[in-house]
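Next come the chains, spelled out residue by residue.
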Amino acid sequence: MPPDISPRPPSGPPLDRVAWDDLVARFDGRMWAVARAFGLSPADAADAVQGAWLRLVEGLGAIRDPDRIGAWLITTTRHEAARLSRSRAGSGPADEVADVPDPSAPDPAAAVVDADYGRQVWRRLDLLGEPCRSLLRLCALHPEARYAQIALRLELPVGSIGPTRARCLSRLRALLEEPS
Amino acid sequence: MTAPADEYLLAALRIAAGTDPVPDRVSADARSVFALHLPGGIAAVPLATAAGEGARSAQPHERPRAHRYAAAGLTIDIEPVVAAGRVDVAGQISPAPGAGSLVEVRTPHVSDSRVPSEGGRFVVTGLPAGWISVVCHRPGHPPVFTRWTHVRP
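To start, this report covers the structure provided alongside it. (Residues numbered from 1 in each chain as written. Chains lettered and ligands numbered in written order. Predicted model: local features only at pLDDT ≥ 70, side-chain atom pairs only at ≥ 80, totals over all residues. Heavy atoms only, no water.)

It is worth spelling out the state of the cysteines at this point. Residues and elements named next belong to chain A. Inspection of every chain in the model, using the stated rule, returns one disulfide over all chains. A sulfur-sulfur distance of 2.1 Å marks the disulfide that ties Cys132 to Cys168. Taking the sign of the S-S torsion, -80° for the link of Cys132 and Cys168, the bridge is left-handed. Placement of the pair is Cys132 in helix α5 (residues 132–141) and Cys168 in helix α7 (residues 158–177), with a sequence separation of 36 residues. Like Cys168, Cys132 is buried. Note on Cys139: no disulfide assigned, nearest cysteine sulfur contributed by Cys168 at a separation of 8.4 Å. (Disulfide = S-S within 2.5 Å. Helix = DSSP H or I, 4+ residues; strand = E, 2+ residues; numbered from the N terminus. Buried < 20%, exposed > 50% of the residue type's maximum accessible area, 1.4 Å probe, protein only.)

In C-alpha cells form, the structure reads like this:
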C-alpha cells in the first residue's frame, strides 16, 4: 500500500504561515519530482511547482479539508506540468476554465509519489527484462532525454520508444499489484 | 485506488534515487507564495474568450492571448505579451471601477499598480516572465483578483 501523505493537522488556524511552511517542507520535493518526470527543464519544472502553490493560495479561503491538501498539491502539480509540457510541444495551453483540480477530490493515486514506495518500484523494475529495465531507468533518471537519444542508447527504432515505454510501464504496474 | 499515472511512478523512482533534489530556490519561492494571499479577496472566475478579443488591438502576427475573468459584478480582461523577455500587460476593468480604484498587476516577486483610465483601461510593462495575476482594488469593496496565469516566451 502506498503511504498516507495527509499533512499533519495544523496547530493554529488552518493554513497559517507555520502550516504553510510545513506543507512546503513535506511536499515540495514530491511536487518537484512530478514536474521533472514530465521531462520539463529545471526552469519549467520550477514554474509548474510554483503554479501549484499559487493555485493553493488563490483558493485558500475555500479550503474545507486540510487533510487532502497534500494529494491535491501533487495532483495540481501534475496538471500544471502537463499544461506546460503541452505548451512547449506546441499544442497550446489547455483550457484554463476546467484545468484546476477540484480541491475536494484530489487524485488518490498521488499517494505513490513517495521515497518508500519509490524503493518498492525500483525493486520491481529490476525484475523486468530488457529493454524495459534500461528504458524505464533512462526515463526515470533522465526525463529530459529525447526519444532519439534513448533509441540510440538502447539500439531501438525511434518510433518504437513511445509504445515500448507504455508497454513497460504497464508491466511494471502489473508487478506492483502482485503481493510482495 | 486507480492505477497511478506514468509520471507518478517515474516521480517515485526519482525521489528514491535521490539524484535530483528540489532546488533551494524552488522551496524558497514556495514559502514566499503564502504572502500573496489576499484575505477577504474574491477570486474572479476565468471565462472563455474569442481569439484576438481583448483590451489591445493586436496585429495579426502578434496574436496575444486574451484572458477574461468575472466576479462581484466586474469583468477583468487582460492581454499579456512577452517582449524582449519581459511581460507587458494591457487590460480593462468593466464597468470602469471609478474614482479611488487601483489596479495591481502581481508576479510572485514584484507588483506594479496603476490608476485605471476613466474607461477602466490599464497598462503595466516590464514585468518578469512567469506567473501574473491582476487585482482590482475599489474603495469600500473587497479586492477582486484573477487566477494566476503563466506567461513565458
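Once the structure has been displayed, the description carries forward.
Turning our eyes to something else, we now look at helix α2 (residues 42–58) of chain A. Taking 1.5 Å per residue, 17 residues should reach 24 Å; α2(A) reaches 24 Å between its end C-alpha atoms and fits that length. Most of α2(A) is tucked away, with 15 of its 17 residues classed as buried. (Expected span 1.5 Å × (residues − 1).)

This next bit is on the nonpolar core. With 71 residues, the main nonpolar core has Trp20(A), Trp53(A), Leu56(A), Leu172(A) and Tyr8(B) as its most contacted residues. With eleven residues, the single largest contributor to this core is helix α1 (residues 17–37) of chain A. When residues of this core are assigned to domains, at least three map to each of domain 1 (17–110) and domain 2 (115–177) of chain A. When near neighbours in sequence (up to four residues on either side) are disregarded, Trp53(A) contacts Trp20(A), Leu23(A), Val24(A), Met31(A), Leu73(A), Ala30(B) and Val33(B). (Core = buried A, V, L, I, M, F, W, Y, C linked by side-chain atoms within 4.5 Å. Domains from an automatic or database assignment. Contact = heavy atoms within 4.5 Å.)

A word on the packing of aromatic side chains. Counted under the stated rule, the structure contains two aromatic pairs over all chains. Put simply, the rings of Trp20(A), Trp53(A) and Phe34(B) pair up and form one aromatic cluster. (Phe/Tyr/Trp six-rings, centres within 6.5 Å; stacked < 30°, edge-to-face > 60°.)

A separate point is the side chain of Asp29(B). Along the chain, Asp29(B) turns up in helix α2 (residues 24–32). Judged by its relative accessible area of 14%, Asp29(B) is buried. Sequence-distant contacts of Asp29(B), defined by excluding residues within four places in its chain, comprise Gln50(A) and His109(B).

Across the contact, 64 residues belong to chain A and 50 residues belong to chain B. Of the roughly 5,000 Å² buried where chain A meets chain B, counting both sides, 66% is carbon and sulfur surface. Scanning the region where chain A abuts chain B turns up six salt bridges. Close ionic contact of Arg173(A) with Asp6(B) constitutes a salt bridge, the shortest N to O distance being 2.5 Å. (Buried area = accessible area lost by both parts, 1.4 Å probe. Salt bridge = Lys/Arg side-chain N within 4 Å of Asp/Glu carboxyl O.)

The end-to-end C-alpha distance of helix α1 (residues 6–17) of chain B, which contains twelve residues, comes to 17 Å, matching closely the 16 Å that a straight helix rising 1.5 Å per residue would cover. Within the sequence span of α1(B), burial applies to Glu7(B), Tyr8(B), Leu9(B), Leu10(B), Ala11(B), Ala12(B), Leu13(B) and Arg14(B). Tucked into the core, α1(B) has its buried residues touching α1, α3 (69–88), α4 (115–125), α5 and α7 of chain A.

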